[in-house]
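# A look at the structure
Below are the chains, spelled out letter by letter.
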Amino acid sequence: MRLPAPNALVGGTLIGFLVVVAAVSSVWTPYDPLRLSFRAKLAAPSGMHWLGTDEFGRDVLSRLMAGAATSVWISLLTVALAVSLGTVIGLFSGYVRGWVDRTIMAFNDALLAFPGILLALGLLAVVGANKYGIILALGIAYAPSVARIVRGTVLSLREREFISASRVMGNSEGFTMLRHILPNCIAPLTVLATSMFGWVLLAESSLSFLGLGVPPPAPTWGNMLAGSRPYIGQAVWLGIFPGLAISLTLLGINLLGDALRDKLDPRMRGAR
Amino acid sequence: MNRLLASAFTLLVLASPAAAQSITVAVAADIRSNNPGVNRDDNTDDFALQLVEGLVGYNEGGVATPLLAEKVDLSADGKTYTFTLRQGVKFHNGAELSSADVLWSWNRYMDPKTDWRCTSEFDGRSGLKVEAVTAPDARTVVMQIDKPNALFLDTLARTDCAMTAILHKDSVKADGSWDKPIGTGPYKFGEWKRGEYFTMTAFEGYKSPSGGQRDGYVGSKRPLLKEVKFLVVKDPATVKAGLISGALDMAEILPSDAAELKKSPKLSVAAEPNAVRHVFLIQTKDAVMGNQKLRQAIAASLDMDEIVASFYNDLGKPNTSPIYSGSSYFGEVEKKGHVYDPDRAKKLLQEAGYKGEKIVILANKRPTVPSFPAAVVAQQMLQAVGVNAEIEVLDWATQLDRFNKGNYQMQSFSFSARFDPAIAFEQFSGPKDKQPRKTWDNPDAQKQIDKLYVTSDRAERQKIVDELHKRVIDEVPMIFAFNGLDIIAHAKRVQGFKPWQSKLRMWEVTLAN
Amino acid sequence: MLRFALTRILMSVPTLLIVSVSVFALIRLIPGDPASLMLGDLATPASIADLQARLGLDQSLPVQFGIWFGNLLKGDLGQSINSQQAVLPLILQRFWISAQIVLVAVALASLVAVPAGVLAAWKQDTSLDLSLVAVATLLLSIPTFWLGLLLLLFFGLKLEWLPVVGYVSIAESPLAGILYLIMPIMTLFLHEIGVILRMARASTLEVLRLDYITHARAKGLTEGAVLWNHAFKNAFGPTWTLIGLVLGNLLGGIAVVETVFTIPGLGRLLVDSIFARDYPVIQGCMLFVAFTYVLVNLVIDLCYPIFDPRVTAQ
């Protein structure tokens, strides 16, 4: 048996750690992440508060732990929504071509041309300001990029010999699509989905930064980071730790995504 | 070297002309127009009122006092006001002020095509009607109103009406469209680059009212700075950086930055309370919130000191009265308000029969208002006595929409500044079925407020105010928490500046070199 | 080729139509309206109704849309509710500011990131590859406003090399103008390096595994020739598409960077107008961004066959 690739190892460790932290936070955090402490506002990291406290005297470590679960959950659901929606649209559009494709792409481009911010604000206002609003808004905002990439892959694959071969062999269009084209979309999609996971984490904090996010008192890394800005001079730890948490999570998820792609790529099967 | 390079460019770019006598002030938003009282917001009013003046203006204590007028005489029947203009007052174009200019300005304001914000305040639609304005001679203007009104001068002086400023007729073009303000104020309109900056320059021919001292919008108003450039900087962190680096000479800062900026050797920080009232609105028509005992319980559960501190740290003080703390009507009675008593709150909750129904507090995250931090701290205190409180964060326009429709249980909200008690009460009192935005719907109280509008006697008015204050505290149609605070940081070389009612008055301010 | 371009331009008409209708509907679904925002907490129902009538907001939605659309066909995007400026000149003025930042940042980032991505793919699984990917991933994962603020604190405050507030157009003062643009460009540049490098690497890896590369190698071509003639050129297609996406998204999403550095660009105009519910400006901005985006995509698609001969333009 071979050792796993280094990227899988590092990525797996980071994400594993994240999952453990998220799980632990649902049972235990050092302090209540919502508990205010008026005496310990903006306290620097110390033995009592390892990562310091925020402007309301809430324990940063506890909030970071609780935020792990929320942030990861929001990002995962959003990516899942965007990828499944986009893949279906892209596959269909790229394969049928003709006027159907053109119509779908017109809608797709229209959606794509919406800055996510406006779409998010609009949908949030209609759905209500909660995390499902964010998921829906960002999911819909990112689906068109997926559709475009999938369609692009389908378009370039159509002309390849093995697709024609499949057709010549009498396989149905649907079978060809699922058996030969979909697997070939996985590699670019994995890359896209992993970056998208990052985009969502970032989009959430950017929205909070612009004042459009969902900033419940319950912590997400995004709103912790956005909330830290006014205190950057007095309390660097407020921004550094959520920033670090986001960066490390992204690093982990990207490394894991790369490793996953190596495994999933059909042409790599059995190659090594 | 680097430092030199940077400051050279900074000077070159930010304070181009007459750098030595000019200062750069950061403002959070661009002005909406340079047309006083027409297309406006508070920020626009602030700029306009450096350029133009009205017959009367507020003094430091919020009382309308002669400004372009030398004196104002009221007839015995309370319906005829005679304004005598000060002599030698000049417009920015050199023309001398006369009663004809007052007439011209007034007619322009009352023309619906002008879109003056306050037309409806004087044409009878809001209860006050100016029936005639005449100019018997060049220095006298007579205004006739339909019935006695204790607030006529006050309304003329209102900042959102741009003080009913007297303008020279060359302020509009030949075709009647707006050009630029030619007023009598201490500063002249400079240039305006939309979205970036606007400037004003000293009016050399300014004739200051007598009084020797600065006093609100009246008193001594000499323009001692050559040029003031207002730079639009939205982001508070950038403002802070600009102040520290010296690129900005003055700016309103976030309360959370006050302590840090105070430590800077180059900067001073000035803080003064204003008439803005931060408040927890309660929808008394709501099934849960309709219960007065529950509302009293909520009021008793709030430790106001901590709520103030959540935004203003150690700079602010609680004030649970609808009357702002700087008002001359703020007396011993108004000082007695809600008392923090969690045990009493728990008892009241029981008496109210509260069974853990969810109560949602609406808030917004604009960095300049305490809406969100106050809500977070209040939520914690409510939960501590057993109230199931939640926060819903909205953008400001959405929250305002919910306010106007009366669609909420609680809101962490701010009432804009109103000086006179009558207007301060009118702001939130009235029938909800006609005006859903009203928070206090009590016909008895409304009668008393109406009385405030026509009563001129000071002692009588104080009695009514005291009465109304006690009612608000007892009925808890909303919970007043604390007054706003203007916190301005400025370079130490800028001297003689004092914040007042959120206005950055640039007269009598000097620059030490 | 020409027919392709013409078809694409015709195809973009429905896209833009969809954008106009949906933006129009969407912003009116959001609670709050410009009239009550302008009047604030002192608004009476009567004064709100007055103002709405004056702004033309009292008419039915289809009528409002009809008026707006009719003017649009005449090339008139209307007037801002807040500043009363004509919308089109306002947008063009702000767009130019955002465009110079975005274009320079993306061009620089592509110049660095595409070769670096190809290099990483070529040296796959070496420490060079790993560190390039790690750097890209880190850059990608730092929020732009955080990065911007760090730059601001470091170069603006600590070293005092660059101005911290304000904006001067290059036309007004070329030298100072450039100074003001350095940090925003640097922020976007660093961020986009991460995005583009990863994509370039992934596409190159795809291509490197294909049979013709193996063939080329089997034919005894040098690694350099294989990389340049076969791998790089073919891998550029997908990367090119992504650069198009990045450009389009940035125009909408640059608001964050513009807010940190107080740059009066298109992004900030849009966000400010959303908060102020300045309908004509929002509609104009959205339509403009959509139009630019369609245009960018058209150019990208027209160029696609140049990079990937297997796709015929159709």
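Residues numbered from 1 in each chain as written. Chains lettered and ligands numbered in written order. Predicted model: local features only at pLDDT ≥ 70, side-chain atom pairs only at ≥ 80, totals over all residues.

Along its length, chain C carries 13 helices and zero strands. Listed N to C, the secondary structure of chain C is α-α-α-α-α-α-α-α-α-α-α-α-α in terms of helices and strands. Every one of the 314 residues in chain C was classed for burial, and the buried ones make up 50%. Long-range contacts, defined as pairs at least 24 residues apart, comprise 73% of the intrachain contacts of chain C with a sequence gap of at least 6. (Helix = DSSP H or I, 4+ residues; strand = E, 2+ residues; numbered from the N terminus. Buried ≥ 20, exposed ≤ 12 C-beta atoms within 10 Å, placed from the backbone. Contact = placed C-beta atoms within 7 Å.)

Turning to the overall build of chain A, a few remarks are in order. What chain A contains, in helices and strands, is nine helices and zero strands. Its helices and strands taken in sequence order, chain A reads α-α-α-α-α-α-α-α-α from the N to the C terminus. Residues classed as buried in chain A amount to 54% of the 272 residues present. Long-range pairs, those at least 24 residues apart, make up 69% of the contacts in chain A between residues at least 6 apart in sequence.

Counting 305 residues, the largest nonpolar core has Ala378 and Ile479 of chain B together with Ile196 and Cys285 of chain C as its most contacted members. Filtering out sequence-adjacent residues up to four positions away, Cys285 of chain C remains in contact with Ile91, Leu266, Leu269, Leu270 and Ser273 of chain C. (Core = buried A, V, L, I, M, F, W, Y, C linked by C-beta atoms within 7 Å.)

How large an interface is tends to be reported as the accessible area lost when its parts come together. Contact residues are listed per partner, giving 39 residues for chain B and 39 residues for chain C. When contributions to the side of chain B that touches chain C are tallied by element, the ones reaching two or more residues are helix H1 (2-14), helix H6 (236-245) and helix H13 (396-405) of chain B.

Another aspect to go through is unusual backbone geometry. As a rule of thumb, non-glycine residues mostly have phi less than zero, and peptide bonds are mostly trans rather than cis. Residues and elements named next belong to chain B. Despite not being glycine, Asp115 shows a phi value in the positive range, around 65 degrees. Tracing the chain through its elements places Asp115 in the loop between helix H3 (99-110) and helix H4 (119-122). Positioned with a positive phi, Ala162 is a non-glycine residue whose angle comes to about 50 degrees. With respect to the helices, strands and loops of the structure, Ala162 is situated in the loop between helix H5 (152-157) and strand S8 (187-193).

So, on to the sheet that holds strand S9 (residues 197-202) of chain B. Residues and elements named next belong to chain B. Taken in spatial order, the ten strands of this open sheet run S8-S9-S12-S1-S13-S18-S14-S17-S15-S16, and their pairing is mixed. Every interior strand has two partners, whereas the edge strands, S8 and strand S16 (389-393), have only one. Strand-to-strand twist across the sheet, computed as the mean angle between neighbouring axes with direction ignored, equals 25 degrees. Examined bridge by bridge, strand S13 (residues 250-252) and strand S18 (residues 478-491) share three bridges and lie antiparallel to one another. Within S18, the position partnered with Glu252 by the bridge is Ile488. (Pairing = 2+ DSSP bridges. Axes fitted to C-alpha atoms, helices over the stretch in contact; angles between N-to-C directions.)

A residue-level look at chain C finds 87% of positions with pLDDT of 70 or above and a mean pLDDT of 79. On the interface metric, ipTM, the complex scores 0.77, and its pTM is 0.80. (pLDDT = per-residue confidence, 0-100.)

Let us now look at the sheet that holds strand S7 (residues 140-145) of chain B. Picture the strands of a sheet paired through backbone hydrogen bonds; they go either parallel or antiparallel. Residues and elements named next belong to chain B. One open sheet accounts for four strands, arranged S4-S5-S7-S6; its pairing is antiparallel. Lying at the two open borders of the sheet, with one neighbouring strand each, are strand S4 (69-74) and strand S6 (130-137). Strand-to-strand, the axes of this sheet are offset by a mean angle of 20 degrees, without reference to chain direction. Where S4 and strand S5 (residues 80-85) come together, five bridges link them in antiparallel fashion. Opposite Val72, over in S5, you have Phe83 as the bridge partner.

Residue and element names in this part refer to chain B. In this structure, S5 lies alongside S7, joined through five bridges in antiparallel fashion. Its bridge partner being in S7, Thr84 is matched across the sheet by Thr140. Where S6 lies against S7, five bridges are found, and the strand directions are antiparallel. Across the sheet, the residue bridging to Thr134 is Val142, located in S7.

Bringing helix H8 (residues 174-208) of chain C into the picture now. The largest bend in H8 of chain C is about 35 degrees, located at Ile182 of chain C, with the proline Pro184 of chain C one to four residues further on. For H8 of chain C, the tally of buried residues reaches 28 of 35 residues, placing the bulk of the element in the interior. (Bend = angle between axes of the 7 residues up to and from the residue.)

Another aspect to go through is the pairing of S8 of chain B. Residue and element names in this part refer to chain B. Examined bridge by bridge, S8 and S9 share five bridges and lie antiparallel to one another. Bridged to Trp192 within S9 is Phe198. Counted along the chain from S8 to the antiparallel partner S9, the turn is three residues long, and its residue Gly195 has a positive phi close to 80 degrees.

Turning to helix H7 (residues 255-262) of chain B, its buried residues are Pro255, Ser256, Asp257, Ala258 and Leu261 of chain B. For H7 of chain B, the elements touching its buried residues are H6, strand S14 (267-282), helix H9 (304-312) and S18 of chain B.

Right, let's get into the environment of His92 of chain B. All names here are of chain B. Inspection of the secondary structure puts His92 in the loop between S5 and H3. On a C-alpha basis, the gap between His92 and Gly185 in space is 7.9 Å, while along the polypeptide they are 93 residues apart. Excluding residues within four positions of it along the chain, His92 makes contact with Ile182, Gly183, Lys188 and Phe203.

Turning to the packing of helix H1 (residues 6-27) of chain A against helix H2 (residues 60-96) of chain A, a few remarks are in order. Residues and elements named next belong to chain A. Following both chains from N to C, one finds H1 and H2 inclined at 115 degrees, their axes separated by 8 Å at the closest point. If you check the angle between H1 and H2, you find them roughly perpendicular. Viewed along their axes, H1 and H2 form a crossing whose handedness is left-handed. Within the contact between the two elements, H1 uses Leu18, Val21, Ala22, Val24, Ser25 and Ser26 and H2 uses Met65, Ala66, Ala68, Ala69 and Val72. Taken together, the residues that form the contact of H1 with H2 break down as nine nonpolar, two polar and no charged. (Parallel < 35°, antiparallel > 145°, perpendicular 65-115°, else oblique. Left-handed = near helix turned anticlockwise from the far one by under 90°. Nonpolar A, V, L, I, M, F, W, Y, C, P; charged D, E, K, R; others polar.)

Two elements in contact, helix H5 (residues 87-122) of chain C and H8 of chain C, have axes separated by 6 Å at closest approach and are oriented at 35 degrees. Here H5 of chain C runs over H8 of chain C; the crossing is right-handed.

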